[in-house]
Amino acid sequence: MSAVHRLLLEDALQDSPQTRSLLSVFEEDAGTLTDYTNQLLQSLQRVFGAQNEMSLATQQLSKQLLEYEKQNFALGKGDEEVIGTLQDFSKVVDELNTLHTELANQLADRMVFPMIQFREKDLTEISTLKDIFAIASSEHDASMAKYSRLPKKRENEKLKTDVVGEVAYSRRKQHQASMQYYCALNALQYRKRVAMLQPMLGYTQAQVNFFKKGMDMASKKMESFLSSVTSMNQSIQSQLDSEAEAMRQAQQELLSVEDSIYMPDQDVSNPLINRNLIQKAGYLNIRNKTGLVTTSWDRLYFFTQGGNLMCQPRGAVAGWMVLDLDNSSVMAVECEDRRYCFQITSPDGKTCITLQAESKKEYEEWICSLNNISRQIYLTDNPEAVAIRLNQTAIQAVTPITSFEKRHDTCAERVKPVAEEPLGAAPQDTPDSLEMITPGTPIQFDIMLPASEFLDQNRAGGGRRTNPFGESEDGCAAQSEDSLLHQMFVVRFLGSMAVRSHRSKEVIYEAMRQVLAARAIHNIFRTAESHLIVTSKSLHSLSPSLQFQLRDVVQFAAHQENRRLIGFVVEGPEISEEMEPSLSAYVFESNTEGEKICYTISLGKELIEAEKDPEALALLMKSMPLASDRKFLVLESETLGAVQNGAEEGLESEA
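As annotated in an unreviewed UniProt entry, the protein chain carries the name DCC-interacting protein 13-beta-like isoform X2 and comes from Acipenser oxyrinchus oxyrinchus.

Quick look at the structure:
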């Protein structure tokens, strides 16, 4: 007997569009079978009731049996044996179409009743289960919509618990209804074959038993035929019984799991997140604009295919592309007081979509997988290994924090400074990353104080605002009054971290690597522009306010490959006599080449040394280059104020 198409019970809980599409094929098959069963039953009833017109009725029945082949069942593949058997039965009916007058009782028991039982029991059960499944699906969709609208406020924890319970109940109810519906549809594929063969088997047997006399030759042929049909029918019935038992056991196993699998956010505190995915699929809520200020959210099935984000509603045969993910940006956003929202923006910035996941685990995995795809990892020979390696490299960098920690918390862990080497000593080898930066050192992605530290410093400083680096705003203006150098650059602050050494530029390169890796792993892409000003005394920015003494900048360098990256190491004040000065590395991205900023800092340091000797200062002033790509301003005390006003209005010069 040919294999029978089945609906997988394991797919009932996910309820994906592919499963729904396959389910519609089974429903179409059941509808076609219902129509055909009604037609066949009408023919059988006509045979039973038309004693005076029996030959006409049996002739019509013979024709109706041949119509089974022409029904075009959606799942008709594998019915060839049934079709061939029905064709043989049609021939038998044609031979016996004049001998049915005295067979009314036998036909009622063996022919009409099994078909009526099949229609009233099996087909009616399919229709009832279909309605129950539709109601359960509607209730689940309504509960998920209610759950998606939950706010994030803590005072709504009771409401959240009630809604989560309602989602779990409706999901379990839908799961049970769908599995019962799938089991009935799977069993129908066997029962329809039995239902088609059994009435005709009973009909033929009754004819043979009643008219055995005079049909010796015909009976010998029929007995062999009926025996084969009986064996085939029993084989189908045994397959149905074994399949029903297997489905019953599978249903029990699937229902024996914990109730937590029905909850959308079962482990909020410590979800198991896979950050190495290069493909992802599942239901998400997408925000659609319905007016100038109004929006709506639709729950759709999304999946990734290569470098594309695809979408497929329920019932659709195939999905369509929503966005090309190559080089796109993905980040978490706050949206309409909804949880787990993230945004995908195309490289040109013209296309932007906002999506919402149903749990923290899905939220994190969607962001990680989309970021992996945007890096075009899927084009490599072994994308899984590449994703694991990139994420491990980023995780090994550091864990970021968003405000400055107390300096003395990290100074206590620093190593003692290395004694200065005498002139003429042999150069030392470049230190490794462990000697330059302590593992686990926090990275700071902003340069603004938290509110608590700001208030504490205001109280301690008599109401004067101070910046994170221990310098006041008044000090910045005072030090610029007599500056001989004033250069301004447009930069973006990327991050800063404590370091252990400043003897080599390698410490700056390592800090750049760890800052960029940490920004990538934590999905921090946006930075604000600022103005970095280099004078002969200090290094400071306009907004946000920060300042360093130029003599405290002990190391600076531009990146060897990305010329726009600039970093410098600043030596901080000693906390106590026992403690050594703190060292911090700062990383910026400039609109110009970093070498220009390095040149300006170097020039400022030369001016600091030259100011100690007037003759050396005059000689240095005469030797300063004035090239188109290295412009600078030498400020006198009377013109300093005018230039500072121009800087505040956004004017900038290129070093």
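Anyway, onward from the coordinates.
Undergrad: For this particular structure, what's the right way to read the pairing of strand S2 (residues 295-305)?
TA: One face of the sheet, then the other: side chains in a regular strand alternate in exactly this way. Pairing between strand S1 (residues 281-289) and S2: nine bridges, direction antiparallel. Across the sheet, residue Asn 288 finds its bridge partner in S2, namely Ser 296. Between S1 and S2, which pair antiparallel and follow one another directly, the connecting turn spans five residues. Both S2 and strand S3 (residues 308-312) contribute to a ladder of five bridges, which runs antiparallel. Considered in S3, the bridge of Phe 302 is made with Cys 311. The loop that links S2 with its antiparallel partner S3 comprises two residues; one of these, Gly 306, has a positive phi angle of about 65°.

Undergrad: Sorry if this is basic, but what is going on with the packing of aromatic side chains here?
TA: For any pair of aromatic rings, geometry is given as the distance between the ring centres together with the angle between the planes. Overall, the coordinates contain 13 aromatic pairs when judged by the stated rule. Where Phe 133 meets Tyr 181, the ring centres are 5.7 Å apart and the plane angle is 35°; that geometry is what we call tilted. Highlighted residues: Phe 133 in helix H4 (residues 104-148) and Tyr 181 in helix H5 (residues 157-210), separated in sequence by 48 residues. Residues Phe 133 and Tyr 181 agree in their burial class; the two are buried. Aromatic pair Phe 568 and Phe 588: ring centres 5.7 Å apart, planes at 15°, arrangement stacked. Separated by 20 residues along the polypeptide, Phe 568 in strand S15 (residues 565-571) and Phe 588 in strand S16 (residues 583-590) bring together distant segments of the chain. For Phe 588, a relative accessible area of 4% puts it in the buried group. By the ring-pair criterion, three or more aromatic residues cluster together here, those being Phe 493, Phe 548, Phe 568, Tyr 586 and Phe 588. Arg 299 extends its terminal NZ or CZ atom over the ring of Tyr 283, reaching a point 4.4 Å from the ring centre.

Undergrad: Help me understand the pattern of salt bridges, please; the structure alone is not making it clear to me.
TA: Pairing between side chains becomes possible if they bear opposite charge and their charged atoms approach one another. Applying the stated rule across the entire model yields 21 salt bridges. Asp 29 serves as the salt-bridge partner of Lys 192, at 3.4 Å between the closest nitrogen and oxygen. Taken together, the residues Lys 192 in helix H5 and Asp 29 in helix H1 (residues 17-49) connect sequence positions 163 residues apart. The same class applies to Lys 192 and to Asp 29, which are both buried. Of the charged contacts, one joins Glu 589 and Arg 564 as a salt bridge, the two residues approaching to 3.7 Å between their closest N and O atoms. Of the two residues, Glu 589 is situated in strand S16 and Arg 564 in the loop between strand S14 (553-558) and S15; the sequence distance between them amounts to 25 residues.

Undergrad: Sorry if this is basic, but what is going on with the UniProt feature "coiled-coil region" (unreviewed entry) in the protein chain here?
TA: The feature "coiled-coil region" (unreviewed entry), as given by UniProt, occupies residues 233-260 in the numbering adopted here. For residues 233-260, the helix share is 82%, the strand share is 0%, and the end-to-end C-alpha distance is 44 Å.

Undergrad: I'm lost on the pairing of S16 in this one. Help?
TA: Counted residue by residue, S16 has seven buried out of eight residues, so it is predominantly covered. Relative to S16, strand S10 (residues 486-498) runs antiparallel, the two being bridged by seven bridges. Of the residues in S16, the one forming a bridge with Ser 496 is Tyr 586. The pairing of S15 with S16 spans seven bridges and is classified as antiparallel. Opposite Val 569, over in S16, you have Ala 585 as the bridge partner.

Undergrad: Hey, could you run me through the state of the cysteines in this one?
TA: As used in these notes, a disulfide is a covalent bond between sulfur atoms, one from each of two cysteines. Evaluated as defined, the whole model comprises zero disulfides. No disulfide involves Cys 335; its sulfur sits 4.9 Å from the nearest other cysteine sulfur, which is in Cys 341. Judged by its relative accessible area of 5%, Cys 335 is buried.

About the cut-offs
Residues numbered from 1 in each chain as written. Predicted model: local features only at pLDDT ≥ 70, side-chain atom pairs only at ≥ 80, totals over all residues. Heavy atoms only, no water. Pairing = 2+ DSSP bridges. Helix = DSSP H or I, 4+ residues; strand = E, 2+ residues; numbered from the N terminus. Phe/Tyr/Trp six-rings, centres within 6.5 Å; stacked < 30°, edge-to-face > 60°. Buried < 20%, exposed > 50% of the residue type's maximum accessible area, 1.4 Å probe, protein only. Lys NZ or Arg CZ within 6 Å of the ring centre and 35° of its normal. Salt bridge = Lys/Arg side-chain N within 4 Å of Asp/Glu carboxyl O. UniProt positions renumbered as here; feature names shortened; annotations may be inferred. Disulfide = S-S within 2.5 Å.

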